[in-house]
Amino acid sequence: MSKLEKMKNSLLSSIEIDMQQIEEIKQMPQSQIDFMGGVAEWYATTGCSNYYKEIVQAIKSAEYKYPDSDSVWEKAERVKDEIVREKLSWIAL
């Protein structure tokens, strides 16, 4: 299994959508929700900063040689964003 696959599996198992935050977004005026691209996109662009610990753990589990490098963090952020959007697609918003 590649390091990227290890990181993805770790993030897939550890990332959970914060339904309370989803509900808070739904309470916003519809015009703001539309401006942000909908509830899911709003959460994906703002709520994703909540996953710092999950990213750190995923990078550790993948055993990258230089875990603090920008390229590793960029990969982790990209994978995290994909997973969050995928999990949001499973939820009826």
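Residues numbered from 1 in each chain as written. Predicted model: local features only at pLDDT ≥ 70, side-chain atom pairs only at ≥ 80, totals over all residues. Heavy atoms only, no water.

A look at the packing of aromatic side chains
Next up, step 1: Under the criterion given, the structure shown has one aromatic pair.
Next up, step 2: Centroid distance Tyr52 to Trp73: 5.8 Å. Interplanar angle 20°. Geometry classified as stacked. One end of the pair, Tyr52, is in helix α5 (residues 52-62); the other, Trp73, is in helix α6 (residues 70-89), with 21 residues separating them in the sequence. (Phe/Tyr/Trp six-rings, centres within 6.5 Å; stacked < 30°, edge-to-face > 60°. Helix = DSSP H or I, 4+ residues; strand = E, 2+ residues; numbered from the N terminus.)

Topic: the packing of helix α2 (residues 19-26) against helix α4 (residues 39-46)
Next up, step 1: Close contact between α2 and α4 brings their axes to 10 Å; oriented N to C, the two are set at 125°. Taken together, α2 and α4 sit at an angle that is classed as oblique. Here the hand of the crossing between α2 and α4 comes out right-handed. In this structure, α2 contributes Gln21, Ile22, Ile25 and Lys26 to the contact, and α4 contributes Val39, Trp42, Tyr43 and Thr46. (Axes fitted to C-alpha atoms, helices over the stretch in contact; angles between N-to-C directions. Parallel < 35°, antiparallel > 145°, perpendicular 65-115°, else oblique. Left-handed = near helix turned anticlockwise from the far one by under 90°. Contact = heavy atoms within 4.5 Å.)

Thoughts on the pattern of salt bridges
Between side chains of opposite charge, pairing is possible as soon as their charged atoms come close.
Next up, step 1: Applying the stated criterion to the full structure yields four salt bridges.
Next up, step 2: Among the ionic pairs, Glu41 bridges to Arg85, the shortest N-O distance being 2.8 Å. In this pair, Glu41 is assigned in helix α4 and Arg85 in helix α6, connecting sequence segments 44 residues apart.
Next up, step 3: Via salt bridges that share partners, Glu77, Lys80 and Asp81 belong to a single interconnected network. (Salt bridge = Lys/Arg side-chain N within 4 Å of Asp/Glu carboxyl O.)

A word on the nonpolar core
Across soluble globular proteins, nonpolar side chains show a tendency to be buried alongside one another.
Next up, step 1: Ranked by internal contacts, the top residues of the largest apolar core, which has 23 residues, are Met7, Leu11, Ile17, Tyr43, Ile59, Val84 and Leu88.
Next up, step 2: Looking at this core, the elements with two or more residues in it are α1 (3-14), α2, α4, α5 and α6.
Next up, step 3: Considering every element that reaches this core, the biggest residue donor is α6, with six residues. (Core = buried A, V, L, I, M, F, W, Y, C linked by side-chain atoms within 4.5 Å. Buried < 20%, exposed > 50% of the residue type's maximum accessible area, 1.4 Å probe, protein only.)

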